[in-house]
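Secondary and tertiary structure notes
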Amino acid sequence: MRSLIVAPADEKGLAEALASGADGLVVNLAVAPPDQRPAARAAAARFLKAARARGGGPALIVGVNALDSSETDLDLDAVMASAPDAILLPRSLGGASVQQLSAKLAVREAEFALADGATRIIAVADTARSLFGMASYRGSSARLIGLAWDAESLCADIGAARRGGLGGAAGPYRLARDLTLLAAAAAGVAAIDAAFADVLDPHGLRAEALAARRDGFAGKMAIDSLQARIINDVFPSRSISPTLPSS
């Protein structure tokens, strides 16, 4: 999976993401304001059900709220009946977080008559605490297929100035990027580079994607359709995991 486009759980954003050509589509429940989360969950469930009925298209991934938010179970209860291919887990603290999410998924797979272990996990390093658990992913769960990092969330967590492109990245961002790459290699899963924040700089995105490919990343997050196309052009056509089902 070369490109993973992230979209909020609203009809317009999801329709645009679906038409982007990205290999994976992340329906991001974590960005919905608290008072809009029930509506976002309902919209995500409708979208997943309709996408399954159509067949084909990108891998369907749901970005849930973090495990420490008390919202994760509500997210999973809303979407698991529609059998997402994977769950994107923000603020993951390492292997223990993956195992905790895996147990929640196993319960709902049984409840909705889904194959045991069918729902995969992509963990995200996006806080300072996340970086200190990177070595624990190896052997944590057969569900784990990828590790990603998020520069914008890390920036907010540590109170840093907004980062530039990779060429001007400050130490903490370089460290997070390198740890994600090395932890993924150690765990035998795909390393997924952070999104490029400036949607008006396609040349900067291409340069950053080329650097990610050179260094060993399997793919990169995208935040709009043009980014997804550029990323697909840069990375070779390969799956994030041979066991990840296609929708």
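In the block above lies the structure referred to throughout.
Reference entry: report on the structure contained in this document. (Residues numbered from 1 in each chain as written. Predicted model: local features only at pLDDT ≥ 70, side-chain atom pairs only at ≥ 80, totals over all residues. Heavy atoms only, no water.)

Let's shift gears to the pairing of strand S3 (residues 59-63). Burial runs high along S3: 5 of the 5 residues are buried. Looking at chain direction, strand S2 (residues 24-28) and S3 are connected through 5 bridges and run parallel. Paired with Leu-25 across the bridge in S3 is Leu-60. Between the parallel pair S2 and S3, the chain is carried across by helix H2 (residues 37-54), and the sense of this crossover is right-handed. By the bridge criterion, 3 bridges tie S3 to strand S4 (residues 86-89) in an arrangement that is parallel. Its bridge partner being in S4, Val-62 is matched across the sheet by Ile-87. For the crossover that starts at S3, traverses helix H3 (residues 72-79) and ends in the parallel S4, the hand is right-handed. (Buried < 20%, exposed > 50% of the residue type's maximum accessible area, 1.4 Å probe, protein only. Helix = DSSP H or I, 4+ residues; strand = E, 2+ residues; numbered from the N terminus. Pairing = 2+ DSSP bridges. Right-handed = clockwise from strand over helix to strand, strands pointing away.)

On to the sheet that holds strand S5 (residues 120-125), then. In space, the 8 strands of this closed barrel follow the order S1-S2-S3-S4-S5-S6-S7-S8, with parallel pairing throughout. Neighbour-to-neighbour, the strand axes of the sheet open up by a mean angle of 25°, direction not taken into account. Across the sheet, helix H1 (residues 11-18) lies against strand S1 (3-8) and S2, angled at about 165° from S1, the strand it touches most. Relative to the sheet, H2 contacts S2 and S3, its axis offset from that of S3 by approximately 170°. (Axes fitted to C-alpha atoms, helices over the stretch in contact; angles between N-to-C directions. Contact = heavy atoms within 4.5 Å.)

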